[in-house]
Amino acid sequence: MVHGRALLLKIIDPHIHMVSRTTDDYQAMALSGIHTITEPAFWAGFDRGTVEGFRDYFNQLTLFEPARAAKFGIKHYCWICLNPKESEDLQLAEEVLKIIPEYLDRPTVLGIGEIGLNKNSRNEMKVLEKHVELAARKNELILVHTPHLEDKLKGTRLIMDVILNHKEIDPSRVMIDHAEEHTVEEIKNKGFWVGLTLYPQTKFSPERAVDVIEIYGSDKIWMNSAADWGISDPLATLKAANEMRMRGHSETLIQKVFYENPKAFLSQCSKFEAS
Ligand SMILES: [Zn+2]
C-alpha cells in the first residue's frame, strides 16, 4: 500500500546520516521518491581526536557521499560543524572551528549543523556560541540538534536564547530539530522552524508526528528520518506521509509537509536545488 501510491509523492529527507547507511538504503529511497536529502555532521560513535580526523569526515560529507548518492539519482547536501559531544576538548574544538569556513564554501554545503547541546554542559555552551557567531558572520543557515528526553525543554530554550542574542540572525533561517510535543509551540512562537524526527522506537511514531501537524498546523515544520547507526528507518518519512493519507489529509497538504516545506527552508541557501 505504501509503495503503490508513494511513487506519486516527492519527498525530501532533510536529516539523514548516510555515512552510516548502505547503498541498499539509497536504492530503496530512490525507488520511494526520496530524491533529495541533507546530511548534518554528527558524532561518529567515538571521538575523532584530531583535526585531520575531522577533515576526513568533512571530505566524506562533501565529496564521497554526494557522488555515491548521485549514482542512485539522489541529490545529497550536507551541513558542517562539530557535534555537541565533541565540545569537551576545547582546544581541539577551537582548531576544528578554524577549518570549518573552508568547507562551508563547498558547493553542496548548506550551512552549520547539527549544532546544539547534548548534556547542556558549560563547554557545550561555549562551542555552541562559537558556531552561532560563525553562522552570523557568514550568514549561514543553522540546523540545531536538541538534547534528549529530560534535558530537551531546558536545552531547547538555552539554544534558542543563544541564537536570539544575535539580532542579525533571522530565526526563520534556523531549524530547531528533534522537537517534541512540549517544545513545538515555543519554537514556533519564537519564529524558528520546527523539525520532527521519526524513529521506530524512540522519538516520533508516524501517528504522534501527524498529531502534531493536526494540533499545531503545517507551517514552518518538516519531518525527517534522522537515520543513522542506531535503530532507524530511511523510509520513515513515507510512513508518516501514509499516516496522513489514511487520516484523509489531502495530497496537497502531504506534499507541503514532505516536500514544499523542506524545500522552502533549504532554498534560503542559494546552493540548494530540490530534485
Ligand atoms: Zn542527526
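Model, not experiment: these values are computed from the prediction.

Here is what the cut-offs are and how they apply
- Residues numbered from 1 in each chain as written.
- Predicted model: local features only at pLDDT ≥ 70, side-chain atom pairs only at ≥ 80, totals over all residues.
- Buried ≥ 20, exposed ≤ 12 C-beta atoms within 10 Å, placed from the backbone.
- Helix = DSSP H or I, 4+ residues; strand = E, 2+ residues; numbered from the N terminus.
- Arc of directions from axis to C-beta.
- Contact = placed C-beta atoms within 7 Å.
- Pairing = 2+ DSSP bridges.
- Right-handed = clockwise from strand over helix to strand, strands pointing away.
- Core = buried A, V, L, I, M, F, W, Y, C linked by C-beta atoms within 7 Å.

With that settled, consider helix H8 (residues 206-216). Restricting attention to buried positions, one finds in H8 the residues Ala209, Val210, Val212 and Ile213. Down the axis of H8, the smallest arc covering the buried residues is 145°, so these residues share one side. Among the exposed residues of H8, those oriented more than 90 degrees off its buried face are Glu207, Glu214 and Ile215. Where H8 is buried, its residues contact helix H7 (181-189), strand S7 (193-197), strand S8 (221-224), helix H9 (236-246) and helix H10 (251-266). Of the residues one or two after H8, Gly217 is the one with positive phi, at around 90°.

Before going further, it helps to examine the pairing of strand S2 (residues 34-39). Where burial is concerned, most of S2 is hidden: 5 out of the 6 residues are buried. Examined bridge by bridge, strand S1 (residues 11-13) and S2 share 3 bridges and lie parallel to one another. Following the sheet pairing, Asp13 is matched in S2 by Ile37. Between the parallel elements S1 and S2, the chain passes through helix H2 (residues 23-31) in a crossover that is right-handed. Relative to strand S3 (residues 75-80), S2 runs parallel, the two sharing 4 bridges. Opposite Thr38, over in S3, you have Tyr77 as the bridge partner.

A few words now on the nonpolar core. In this structure, Trp79, Ile80, Ile142, Ile176, Val194, Leu196 and Phe258 are the most contacted members of the largest nonpolar core, which totals 77 residues. With 6 residues, H10 is the largest single contributor of residues to this core. Contacts of Val194, omitting those with residues within four sequence positions, involve Ile176, Ala179, Val184, Ile187, Lys188, Lys220 and Ile221.

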